[in-house]
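Coordinate inspection notes
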Amino acid sequence: KFEKIWLIFGITTLIVFLSVIGVSAFYLGNQPPSCLATINPEKVDTTAPFDKPGLKKVEGKEWDYELVFVASAFAYNPGQVEVPKGAKVKVIATTKDVIHGFQVAGTNINMMLEPGYISEYVTTFDKAGDYLIVCNEYCGVGHHMMSSKIEVV
Ligand code: CUA
């Protein structure tokens, strides 16, 4: 009798675990949450806004600036950029070749840049200083050299 109870308990637990994995993978989305829009990775250089990387003031949006980055092995464009302190900035980034990371040290910005997808993050830089951007996805022999810098002034 007890064996039967344990068997039912075991099977129920298994079903619960499998459901949790299934829901988290397919329903909650087993994808980076910021990857919404798509782009042709071969036409990044001629597709707005990636044809003009860097900081741009925008009007009539929830953010004051758009900061556009293009990643490719093994650099970011721009390699360095100034951002006014306290400005609300939407970071928009993509990659021209393989998967790269986009982690801004000292902040909670940590995106994955995937070929064909646009990664976005809205943030405010409240503290002045230099923020190093590093690639945290292994992308090839130059991976460790891949970086950029946001200077909040
Ligand atoms: Cu790009 Cu690692």
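Predicted model, so just to flag it, every value in this text is computed and none were measured.

1. Quick notes on unusual backbone geometry
The step from alanine 48 to proline 49 runs through a cis peptide bond, and the omega angle for that step is 0 degrees. Relative to the assigned elements, proline 49 resides in the loop between β1 (35–38) and β2 (54–57). A cis amide bond links alanine 73 to the next residue, phenylalanine 74, at an omega of 0 degrees. With respect to the helices and strands, the residue phenylalanine 74 is situated in the loop between β3 (65–72) and β4 (75–77).

2. Focus: the domain arrangement of the protein chain
It is common to report an interface's size as the accessible area lost on association of the parts. For the protein chain, the assigned domains read domain 1 (1–30) and domain 2 (35–152). Computed over C-alpha atoms only, the centres of domain 1 and domain 2 are separated by 40 Å.

3. Let's talk about the environment of isoleucine 5
Mapped onto the elements, isoleucine 5 comes out in helix α1 (residues 2–27). Between the C-alpha atoms of isoleucine 5 and glutamine 103, which are 98 residues apart in sequence, the distance is 50 Å.

4. Some points on the nonpolar core
If you look at the biggest cluster of nonpolar residues, it comprises 24 residues, and the most contacted ones within it are Phe69, Tyr76, Val89, Phe102, Phe125 and Ile150. Every element with two or more residues in this core is listed here: β3, β5 (81–83), β6 (88–95), β7 (100–104), β8 (110–113), β10 (129–134) and β11 (147–152). Residue contributions to this core peak at 4 residues, all from β3. Leave out the neighbours within four places in its chain, and isoleucine 150 touches Leu67, Phe69, Val81, Val83, Phe125, Gly129, Asp130, Tyr131 and Ile133. Within the second largest apolar cluster, 7 residues are counted, among which are Val44, Phe50, Val68 and Ile92.

5. Quick notes on the environment of lysine 96
Here lysine 96 shows up in the loop between β6 and β7. For the pair lysine 96 and tyrosine 117, spaced 21 residues apart in sequence, the C-alpha separation works out to 9.9 Å. With sequence-adjacent residues up to four places away left out, lysine 96 is seen in contact with Pro41, Val44, Asp45, Val70, Ala71 and Ser72. A distance of 3.1 Å separates a polar atom in the side chain of lysine 96 from a polar atom in the side chain of aspartate 45.

6. Topic: the sheet that holds β7
Backbone-to-backbone hydrogen bonds pair the strands of a sheet. The strands run either parallel or antiparallel. With mixed pairing, 5 strands are arranged side by side in an open sheet as β5-β11-β10-β7-β8. At either end of the open sheet lies a strand with only one pairing partner, and these are β5 and β8. Pairs of neighbouring strands in the sheet enclose a mean axial angle of 25 degrees, with direction left out of account. Of the pairings in the sheet, the one linking β7 to β8 comprises 4 bridges and is antiparallel in character. What sits directly across from phenylalanine 102, in β8, is methionine 111.

7. A word on the pairing of β6
Of all 8 residues making up β6, 7 are buried, and the element is well covered by its neighbours. Looking at chain direction, β3 and β6 are connected through 7 bridges and run parallel. From the neighbouring strand, tyrosine 65 faces β6, where its bridge partner is valine 89. As paired strands, β6 and strand β9 (residues 117–124) are joined by 6 bridges and run antiparallel to one another. Note that in β9 the partner of valine 91 across the bridge is tyrosine 121.

Conventions we followed
Residues numbered from 1 in each chain as written. Predicted model: local features only at pLDDT ≥ 70, side-chain atom pairs only at ≥ 80, totals over all residues. Heavy atoms only, no water. Helix = DSSP H or I, 4+ residues; strand = E, 2+ residues; numbered from the N terminus. Domains from an automatic or database assignment. Core = buried A, V, L, I, M, F, W, Y, C linked by side-chain atoms within 4.5 Å. Buried < 20%, exposed > 50% of the residue type's maximum accessible area, 1.4 Å probe, protein only. Contact = heavy atoms within 4.5 Å. Polar contact = N/O pair within 3.5 Å; in protein donor to acceptor, adjacent residues only side chain to side chain. Pairing = 2+ DSSP bridges. Axes fitted to C-alpha atoms, helices over the stretch in contact; angles between N-to-C directions.

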